[in-house]
Amino acid sequence: MNNFSKYGIIVTMVVLSAVILYSIWFVDSCPIKHVVVVNELEQYQKTMDPDLCDNLLDKIIELNEECGIEIEPIDCG
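Source: prediction; values computed, not measured.

Enquirer: Pulling in residues and values, what's your account of the state of the cysteines?
Expert: Defined simply, a disulfide is a covalent bond joining two cysteines at their sulfur atoms. Overall, the coordinates contain two disulfides when judged by the stated rule. There is a disulfide in this structure between Cys 30 and Cys 67, and the S-S distance comes to 2.0 Å. Of note, the bridge from Cys 30 to Cys 67 carries an S-S torsion of about -85° and is left-handed in sense. Taken as a pair, Cys 30 in helix H2 (residues 30–47) and Cys 67 in helix H3 (residues 50–67) lie far apart in primary sequence, 37 residues in all. The disulfide that involves Cys 53 links it to Cys 76, with 1.9 Å between the sulfurs. The S-S bond linking Cys 53 to Cys 76 shows a torsion near -95°; that makes this disulfide left-handed. Of the two residues, Cys 53 sits in helix H3 while Cys 76 sits in the segment after H3, which places them 23 residues apart along the sequence.

Enquirer: Outline the nonpolar core, listing residues and values.
Expert: Within the largest apolar cluster, eleven residues are counted, these being Cys 30, Val 37, Leu 41, Tyr 44, Cys 53, Leu 56, Ile 60, Leu 63, Cys 67, Ile 71 and Ile 74. Every element with two or more residues in this core is listed here: H2 and H3. Broken down by element, this core gets its largest block of residues, five residues, from H3.

Enquirer: Please provide a residue-by-residue account of the packing of H2 against H3, values included.
Expert: Close contact between H2 and H3 brings their axes to 10 Å; oriented N to C, the two are set at 150°. When the axis of H2 is compared with that of H3, the two are roughly antiparallel. Note on packing geometry: the crossing formed by H2 with H3 is left-handed. Here H2 contributes Cys 30, Lys 33, His 34, Val 37, Glu 40, Leu 41, Gln 43, Tyr 44 and Thr 47 to the contact with H3, which in turn contributes Leu 52, Cys 53, Leu 56, Lys 59, Ile 60, Glu 62, Leu 63, Glu 66 and Cys 67. Class assignment for the residues of the contact of H2 with H3 results in ten nonpolar, three polar and five charged.

Cut-off values and rules
Residues numbered from 1 in each chain as written. Predicted model: local features only at pLDDT ≥ 70, side-chain atom pairs only at ≥ 80, totals over all residues. Heavy atoms only, no water. Disulfide = S-S within 2.5 Å. Helix = DSSP H or I, 4+ residues; strand = E, 2+ residues; numbered from the N terminus. Core = buried A, V, L, I, M, F, W, Y, C linked by side-chain atoms within 4.5 Å. Buried < 20%, exposed > 50% of the residue type's maximum accessible area, 1.4 Å probe, protein only. Axes fitted to C-alpha atoms, helices over the stretch in contact; angles between N-to-C directions. Parallel < 35°, antiparallel > 145°, perpendicular 65-115°, else oblique. Left-handed = near helix turned anticlockwise from the far one by under 90°. Contact = heavy atoms within 4.5 Å. Nonpolar A, V, L, I, M, F, W, Y, C, P; charged D, E, K, R; others polar.

This is the structure we're talking about:
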């Protein structure tokens, strides 16, 4: 491999790393948070665990406020 190829590979790896890091930190995380909350809601409905309920209720309220998504808060009674 000549030096040009080595530098090309290094530059490509740096650019790809930068794009991946940018997408992780700067892409709107609301859809990701929504999926997490929906999955935890399904898990809660299976287990009815009170500790999970309190944590999930906080996440639902935060999601609704930050992202404008209207998931009905659950009653932890």
